[in-house]
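Remarks on the overall topology
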Amino acid sequence: MIRKHLPVIVLILLLCTISLFLFGCGTEQDKNKQKAGASQGEKQQQVDVIRLSGGDWGYPTPYAHYPRGPGSRKMGLIFDTLVTRDVEGNTLPALATDWQVGEDSLVYTFRLRPGVKWHDGQPFTAEDVVFSYEYEKLYPPVSVIDLSGIKKVEAVNDRMVKIELNQPDPNCMVNLSSFRIIPKHIWEKVTDPFNFVVDEAVVGTGPYKLTDYSKEHGTYRFEVNENFWGSKPRVKVIEFVPVSEEILAFEQGEVDRISVTPDVLSRFENNSDYRVMQYETSWAYRLYFNMKQLPELADKTLRQALVYAINRQELVEKVERGAAVPGNPGVLHPNNKYYNSKVPQYPYNRQKAKESLDNLGYLDTNGDGVRENRSREKLSFRLLADEGSARLAELIKQQLALVGVDVNVQVVDMKSRDARFKAGDFELCINGSGGGEDLKEVTGKGVARDTSTTAAVIGYNNPEVDRLYSAQEKETDTEKRRKLLDELQQIVAEELPKLTLYYTNSLAVHRPSVYEGWSKETYHNDSRDNFVANK
């Protein structure tokens, strides 16, 4: 997942005399934290404890975590991959220290890091890598990765692994950066990995060990792995604790970093106790049209009319208070290197929406403000949303009402929305995730998940879209790949099987006196990058 960041430090620490004054007025707990923290410009020592807002995101194994970011990021504190990637998309060593690619780009040979041990003290070997591939091929984990291009994985010796591909794959290293390595000696007898939630299941090679978890209370405690192979973790203990009101909990020192919205930013600005960091992300809210559930939506002219009637800039202003980027009908974020700026953008045009609906035969014949089709059936949709997108759904309802389209908003909790989205149980649906730049979900490839769908689930079918997507996956020439993606984005923007409403920006606030290791690259408070540097 590629994200572009724009870190902005809104506050600058004031003079040290002010800090000393505050230190003198703080609680004993605050004083201890300040001792553990660092003054500006000083290298920070390892912090004892960081507390973050909790919530149950499942047991943090590759098979038992909830299929959203908070679940996978907690799993990522424990389990490693062969390679990882930085924010620029460069491949970096992880459990593999280096690698060689054969001249035909079909064979990758990885040298494994020596001396790595699992949390239970057993040595990590090439057999664990081979086993992980075979096991995850048999039992795909929650965060499914595409292993179909791999012909075989074999151990050359204890410290070297050879991966052979069916054909050259420009995304090979990208996929491998999500390929979690699990210990053979623990998992080889497990036949129901999704319900394997014993202590042994969270034995990894990563920087943290899970030492406490409560599904009921949504709490986690991770303690540092003193034998971690990589850089020394900057935090000894990470705790996820129950919080009813995040801002209040943060102000009272119960948690050490939170995400905030622009409307509450003034509570933290111009206060040297706090530092605000701002990120531009590709996390997006998207509107899905389910043509399988409601055949009328299969008419792309109708979908285009609806999109003309949705004012994305107004959504940004009213829901995010300007802290977002209006969505691109071609899916990719404007900062994506493959973004095609020439695709149709459908600027807000209520009159054009009305004309298109008129031409399609949707008219308000009885004067009640809602259009009907030629069979006198109301042009009405059910719009599924969760609590987090309820405001967004209500605004879309209001905007579509202005062109005579009736919308019934159905708000459910997030997990219920995710389940119905995955099953295709909706007519219109708002869903959001960090996979907002996913063109794959409008093809016949992949599987439906809580955060992304497939063309089959929403009843969309365009063989040319499938062909272009498959071709760009295999294309190793950057310019040729760009042309394929340009064409693909053009079709998707014209046909609109989904509409990206907007890409969110994110604001996070923390106390620099407690911890200054927060990453400038990721806005996620629970990301591994906040606590340990890539080797």
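Calculation notes
- Residues numbered from 1 in each chain as written.
- Predicted model: local features only at pLDDT ≥ 70, side-chain atom pairs only at ≥ 80, totals over all residues.
- Heavy atoms only, no water.
- Phe/Tyr/Trp six-rings, centres within 6.5 Å; stacked < 30°, edge-to-face > 60°.
- Helix = DSSP H or I, 4+ residues; strand = E, 2+ residues; numbered from the N terminus.
- Buried < 20%, exposed > 50% of the residue type's maximum accessible area, 1.4 Å probe, protein only.
- Lys NZ or Arg CZ within 6 Å of the ring centre and 35° of its normal.
- Contact = heavy atoms within 4.5 Å.
- Axes fitted to C-alpha atoms, helices over the stretch in contact; angles between N-to-C directions.
- Parallel < 35°, antiparallel > 145°, perpendicular 65-115°, else oblique.
- Left-handed = near helix turned anticlockwise from the far one by under 90°.
- Nonpolar A, V, L, I, M, F, W, Y, C, P; charged D, E, K, R; others polar.

Tallying each qualifying case throughout the model produces 29 aromatic pairs. Aromatic pair Tyr59 and Tyr213: ring centres 5.5 Å apart, planes at 55°, arrangement tilted. With Tyr59 in the loop between β1 (47-53) and α3 (69-76) and Tyr213 in strand β8 (residues 208-214), this residue pair connects regions lying 154 residues apart in the sequence. A relative accessible area of 9% places Tyr59 in the buried class. Judged by centre distance (5.2 Å) and plane angle (70°), the rings of Tyr308 and Tyr346 are edge-to-face. A residue pair is termed long-range when its members are at least 10 positions apart, and Tyr308 in helix α8 (residues 300-309) and Tyr346 in the loop between β13 (324-326) and α10 (350-359) qualify at 38 residues. The exposure class assigned to Tyr308 is buried, which follows from its relative accessible area of 14%. A residue is classified by how much of its surface remains accessible, and Tyr346, at 5% relative accessible area, is buried. The structure contains a cluster of three or more aromatic residues connected by ring pairs, namely Tyr63, Phe131, Tyr135, Tyr139, Trp187, Phe194 and Phe196. Looking at Lys74, its charged tip hangs above the ring of Phe240, at a distance of 4.2 Å from the centre.

You can see Thr504 is positioned in strand β17 (residues 498-510). Given a relative accessible area of 10%, Thr504 falls into the buried group. Sequence-distant contacts of Thr504, defined by excluding residues within four places in its chain, comprise Glu280, Thr281, Trp283, Glu320, Ala323 and Ala324.

What follows is about the packing of helix α9 (residues 312-319) against helix α11 (residues 390-401). Orientation of α9 relative to α11, taken along the N-to-C sense of each, is 140°, at an axis distance of 10 Å. In terms of orientation, α9 and α11 fall into the oblique class. The handedness of the crossing between α9 and α11 comes out as right-handed. Seen from α9, the contacting residues are Glu314, Leu315, Lys318 and Val319; seen from α11, they are Arg391, Leu392, Leu395, Ile396 and Gln399. Partitioning the contact of α9 with α11 into residue classes produces five nonpolar, one polar and three charged.

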